[in-house]
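# What the coordinates show
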Amino acid sequence: MPKQKNHSALDNLSADNGELIFGGKRLSQLSQRAELQPFYAYDRSKITARIKHIRHHLPKDILLHYAVKANPMPAVVQHLSGLVDGFDVASSGELRIALDTTMASQDISFAGPGKTENELRTAVASQIVINIESPTELETVLKLAEETGEQPRVALRINPDFELKTSGMKMSGGPKQFGVDAEQAPRLLQRMDETDVEFMGLHIFCGSQNLRVESIYEAQKKTIDLAFQLSQATSCPLKTLNIGGGFGIPYFLGDAALDLATVGENLEELMIGARQRLQGATIVIELGRYITGEAGIYVCRVVDRKTSRGQVYLVTDGGLNHHLAASGNFGQIIRKNYPVLIGNRVGQLPTETVNIVGPLCTPLDLIANKMDFPRAEIGDYVVILQSGAYGFSASPTGFLGHPPPFEMLV
Ligand SMILES: Cc1ncc(COP(=O)(O)O)c(C=O)c1O
């Protein structure tokens, strides 16, 4: 009999007669509520509890922003609008969702390379904060301001010369498409000085999915030092400094949860210097995955069970088109399994080693590679945990709220 090696996310599941209970409901109840199968479900009480946990550990004068890209489901974003201090959006699709909530527009910021003129026009008209990521973007915003008579709110997104070490995704240091290199920043800050934009401050986001306290501390320290240095290049005081985030969650066997208490203590120490040197600037931390990642599941069903040359395959009605990250095709160098379970056999011992695959005609469509489960039958639920962030939103259908391409036959 295969030995069960448990992912920590599988430790505290509740079940009724073997059936997973999620958000107070049995899996079959959730499945009946869903108009389409497969489905994602998010637990609002888990999201609320997570915000409380973050606020408890972070310095009290730090503002907490939610990166909508992690999970832009409108109901989730609406729920969070009463719990966080601001939103960061990455596309006009996400911006529309954020603007429809009760969040004040000056507390919504827009970051991401390649913002189109249309997106920038909406952003200027909505009076949100635009994180400028290139000289072209600044000039487009200035042109739109002239055309519309609006005063744009802008911040400068910096690509520093350091990185957030040991991150699942590094987004700074070296040449990058994100932000403006720190060396180019003084020129752009001066250009902003010459105009009548409302200068909000700086945005420095170094990376995502980090579980190491020391790496986060080092990046935050360097970020505050860099912000102080750059603040000398502008005559406008920084109203805000967005120091990014990058707090990770345990996805894979052996991952330990981030020690948020120590992250908070370290940040409290850094804040002493930051308050003195960046007088009056509000420090913002911007988190996505850490807020919603552990509060969501993806559920699909076994539609076939077959054996190929000695290996058992459970074929499901869901896969990488809905959940790219779990298939291992979103930034993993060596594919590892997400925590997966058979949702109607919780508590049963594993009896076989199987591969769980989706229905797409590609070997990349893999949900579980040689994982141990109790014997599953056609109709059983396959549940992927840790799916509340970058699940649906980072899958080929509508990645981060960007529109689909147009097709034509000529
Ligand atoms: C600018 C920006 N802000 C916030 C985030 C959210 O990161 P995470 O979900 O890891 O907290 C990202 C992730 O790519 C980002 O690029």
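Okay, so let's go over this structure.

Calculation rules
- Residues numbered from 1 in each chain as written.
- Predicted model: local features only at pLDDT ≥ 70, side-chain atom pairs only at ≥ 80, totals over all residues.
- Pairing = 2+ DSSP bridges.
- Helix = DSSP H or I, 4+ residues; strand = E, 2+ residues; numbered from the N terminus.
- Near = placed C-beta within 6 Å.
- Core = buried A, V, L, I, M, F, W, Y, C linked by C-beta atoms within 7 Å.
- Buried ≥ 20, exposed ≤ 12 C-beta atoms within 10 Å, placed from the backbone.
- Domains from an automatic or database assignment.
- Contact = placed C-beta atoms within 7 Å.
- Arc of directions from axis to C-beta.

### Overview of the sheet that holds strand E2 (residues 19–22)
Ordered in space as E1-E2-E3, the three strands form an open sheet in which the pairing is antiparallel. Here the strands that pair on one side only, and so sit at the sheet edges, are strand E1 (14–16) and strand E3 (25–26). Sheet analysis places E1 next to E2, joined by three bridges and oriented antiparallel. Along E2, the bridge assignment pairs Ser14 with Ile21.

### Focus on the site of the ligand
Taken together, 16 residues form the shell around the ligand, and within it Ala67, Phe205, Ser208, Gly288 and Arg289 come nearest. Elements with a minimum of two residues in the shell around the ligand: strand E15 (282–287) and helix H10 (289–292).

### Observations regarding the nonpolar core
The biggest cluster of nonpolar side chains holds 111 residues, and the ones touching the most others in it are Val340 and Val383. When we break this core down by domain, the ones giving at least three residues each are domain 1 (8–42 + 294–394) and domain 2 (104–287). When residues no more than four places from it in sequence are discounted, the contact partners of Val383 are Leu20, Ile297, Val299, Val340, Leu341 and Gly343.

### Thoughts on helix H5 (residues 117–126)
The set of residues buried in H5 consists of Leu120, Ala123 and Val124. Considered in projection along H5, the buried side chains sweep an arc of 95° and stay on one side of the axis. Contact partners of the buried residues in H5: helix H4 (92–99), strand E7 (108–110), strand E8 (129–132) and helix H6 (135–148). The first or second residue beyond H5 is Gln127, which carries a positive phi of 60°.

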